[in-house]
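Listed here are the chains, written in short residue letters.
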Amino acid sequence: MAALSPAAPATVRRPRRRRHLPLWHAFWILAAAAYFIVPIISLVQFSFGGRVDGHSAGFHWYATVFADPNFASSFWLSVQIALETVALSIALLVPTAFWIHLRLPRLRPVMDFVSVLPFVVPPIVLIVGLIPFLQPFTFIYSRPEVLDFIYVVFAMPFLYRSLDAGLRAINLQTLAEASANCGASTWSTLIRVVVPNLRSAIIGGSFLTVAIAMGEFTISSLLSFNTFPVYIFNIGQSTSNEAAALAVISLLLTWALMIALYVVGRGGRTTAQMAATR
Amino acid sequence: MARVELRGLHKTFGGGTVALDRLELDVASGELVSLLGPSGCGKTTALRIVAGFETPDAGEVLVDGVDVLGLPASRRNMGMVFQSYSLFPNMTAKANVAYPLRIRRRPKAEREARAVELLDLVGLARQVDRYPHQLSGGQQQRVALARALAHEPAVLLLDEPLSALDAKVRVQLREEVRRIQLELGITTIYVTHDQEEALSISDRVAVLAEGRVEQIGTPAEIYNRPRTPFVASFVGTVNQIDAVVVSPAEGAVRCGERVLVVDGDLSGHAQGADVGLYLRPEDVVLVTDEPEGTPGASGTSGASGTSGASGKVRSITFLGPVTRVGVDCELGALVADVASDVALGLGIGDPVTVVVEPGRMRTLV
Ligand SMILES: Nc1ncnc2c1ncn2[C@@H]1O[C@H](COP(=O)(O)OP(=O)(O)OP(=O)(O)O)[C@@H](O)[C@H]1O
Ligand SMILES: [Mg+2]
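Residues numbered from 1 in each chain as written. Chains lettered and ligands numbered in written order. Predicted model: local features only at pLDDT ≥ 70, side-chain atom pairs only at ≥ 80, totals over all residues. Heavy atoms only, no water.

### Comments concerning the nonpolar core
Core analysis: the largest hydrophobic core is formed by 61 residues, its most contacted members being L163(A), L6(B), L35(B), Y99(B) and L157(B). For this core, the leading source of residues is helix α3 (residues 69-103) of chain A, giving six residues. For Y99(B), the contacting residues outside a window of four places in its chain are S179(A), C182(A), A184(A), S188(A), T189(A), R192(A), V193(A), F88(B) and M91(B). Ranked by size, the runner-up nonpolar core spans 41 residues in total, among them W61(A), I127(A), A213(A) and A245(A). (Core = buried A, V, L, I, M, F, W, Y, C linked by side-chain atoms within 4.5 Å. Buried < 20%, exposed > 50% of the residue type's maximum accessible area, 1.4 Å probe, protein only. Helix = DSSP H or I, 4+ residues; strand = E, 2+ residues; numbered from the N terminus. Contact = heavy atoms within 4.5 Å.)

### A closer look at the site of ligand 1
All names here are of chain B. Every residue close to ligand 1 is listed here: F13, T17, A19, P38, S39, G40, C41, G42, K43, T44, T45 and E160. At 2.5 Å from an oxygen atom of ligand 1 is found a side-chain nitrogen or oxygen belonging to T45. Protein contact buries 62% of the 630 Å² of open area that ligand 1 shows by itself. Going through the elements one at a time, β2 (17-27) and α1 (43-51) are the ones with two or more residues in the shell around ligand 1. A total of three residues in the shell around ligand 1 trace back to one element, the largest contributor, which is α1. Tallied by class, the residues present in the shell around ligand 1 amount to four nonpolar, six polar and two charged. (Near = heavy atom within 4 Å. Polar contact = N/O pair within 3.5 Å; in protein donor to acceptor, adjacent residues only side chain to side chain. Areas by Shrake-Rupley, 256 points an atom, 1.4 Å probe, with all protein chains shown as cover. Nonpolar A, V, L, I, M, F, W, Y, C, P; charged D, E, K, R; others polar.)

### Quick look at the interface of chain A and chain B
At the interface, 22 residues of chain A touch 26 residues of chain B. The junction of chain A with chain B conceals about 2,000 Å² of combined surface from both sides, 57% of it contributed by carbon and sulfur atoms. The three residues of chain A that bury the most area against chain B are N181(A), C182(A) and R192(A), which together make up 35% of that side's buried surface. For E177(A), the salt bridge is made with R48(B), and the minimal N-O distance between the two is 2.7 Å. Here chain A and chain B share six residue pairs in polar contact (both at pLDDT 80 or more) between them. For the side of chain A that touches chain B, the secondary structure elements donating two or more residues are α8 (172-181), α9 (186-197) and α14 (271-277) of chain A. Here the side of chain A that touches chain B gets seven residues from one element, more than from any other, and that element is α8(A). Each residue belonging to the side of chain A that touches chain B can be placed in one class, and the counts come to nine nonpolar, 10 polar and three charged. (Buried area = accessible area lost by both parts, 1.4 Å probe. Salt bridge = Lys/Arg side-chain N within 4 Å of Asp/Glu carboxyl O.)

### A few points about the sheet that holds β2(B)
All names here are of chain B. Taken in spatial order, the four strands of this open sheet run β2-β1-β4-β5, and their pairing is antiparallel. The open sheet has two free edges, formed respectively by β2 and β5 (66-67), since each of these has just one partner strand. Of the strand pairs in this sheet, strand β4 (residues 58-63) and β5 are connected by two bridges, and their pairing is antiparallel. Bridge pairing in β5 places V63 opposite V66. (Pairing = 2+ DSSP bridges.)

### Remarks on the pattern of salt bridges
Residues and elements named next belong to chain B. Here the structure, examined in full by the defined rule, presents 23 salt bridges over all chains. Its salt-bridge partner being E54, residue R48 comes within 3.1 Å of it at the nearest N-O pair. Here R106 makes a salt bridge to E110, at a shortest N to O gap of 3.1 Å. Residues joined by salt bridges that share partners form a network here, namely R3, E5, R7, E24 and D26.

Here's what the structure looks like:
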């Protein structure tokens, strides 16, 4: 009887499977989550810790952070640098990647290699090499905008690889030819056809660029610009609870910035359209 | 509309592949010419040179007498439909079709109206707001056709636009391509390797082999009067028969024991010279060697007036309305197309008489 009904064995077996595998899944997911979440929880706890005038601190450290004018100025400096870096990277790398894929496919392996160099070469080496190069350009060297140019180099592997994958996923050659056949110049094709189809690649690469530019400490500290990470470090030297509060705030602000970027980048397109461009 | 001339187009790719070998082609205004040929014969290369995606090593492409090779693809005013799907994935069908007009900065109302009108023309009035991934392959190629027509190009270029589609859609769509082409009277070059497609929709067919035009003519000319063995065998199925010229003046040849009169000019051949003949399967008539009273397998009234060659049935392949019967006979191994209901009476090994109507046996002209 049971053998005649094909549905029966499946309904019997399924709960048994559910009992074993998900447990292991849950374990690993929890373990992985703990790895990231526990430090954040400790950080949050610490930002409320310590005693002030014999009372528990509460939001004291947060209030201190917001009261410090250097907080806002260093934060906005980092945001400004991050956005400039993103803009500069996109302006530089999107046309480059497009052109290489379309007209110089033989250069692709070369670009693959070049684009990982900033990964392979330690940042300190880059800086030691860059400083003498940048020093003669005093008008830029003394301004924090010099960091834009340096971060573009750091962010290149991420943005370029993201663009490279995006370009591989579309039928670039045919789309470009179809567009030219419709009367479009190469530039029009880039703006009207290629960029809209690379949106997710550009957004993804921009996220990482923002994260890098917002978090970079070594170079801005070496060049003595008071960016946000440098400010956090300096606070941490004196008041560790305040530094924790500051770190929590910086996490939240960075997330907010990324969400804002995502919303702007999506430009009101539906999820179906996003899926279609992939 | 426009007249297109290809003059001495030559193209060698890196590695020494000669893709085009002094290709010559004239397409009259409003005409649909197919480029038909086997894979790798240079059809796509020729079309891409006309469209401006490839540069020839030598030769000219004239549109209404003006050489366009100096113009970039974007300024040639041609519409092209590609073999692979080429719609912009981020745009709806309507936006895709309106794209050439957007590039030309036409007013929004005008381009939307034109896009809807063209989508209606290709039978997609209800799919205007769909994205390419929401359309079937056939629908995508319809949109691509509409897009290629949007800016009223002087020339329409199609590179195997139907090859990714299944057989039924292909037949239906090729008829629509032809209907639209006639309706608009647009000069069209249609690349295909499907002979049936080429014969059914073209004003003229250019058969290409190894980068040059083997023969160009109306579909009937190409089919009935092939000029080279390549064209004879590439277009349709053909029986090839070796013969010896008996009388060039009368067009008589000897095939085995038999003397036959052929259709075609033998004046270039000396008496006693070897000559290649060909015969379409539908021109081979089979008569079953049954006693008097049974009708012949082909339904014709027997062997009167022609020499019958006796043979045996070697193979039977059902093709739908006709059945292709392989026969071994004195003329060699032949295939004959027989009405399927008639062929039901045949079995492998059956003796048959092969009859060829006078004039059906042809030399290459
Ligand atoms: N970009 C290229 N680089 C090198 N060789 C090429 C290139 N494009 C075409 N060829 C060669 O040129 C010849 C003609 O190619 P083409 O694409 O024109 O053929 P086709 O007639 O369109 O064939 P198919 O029916 O398979 O599409 C082929 O031998 C091909 O290998
Ligand atoms: Mg081809």
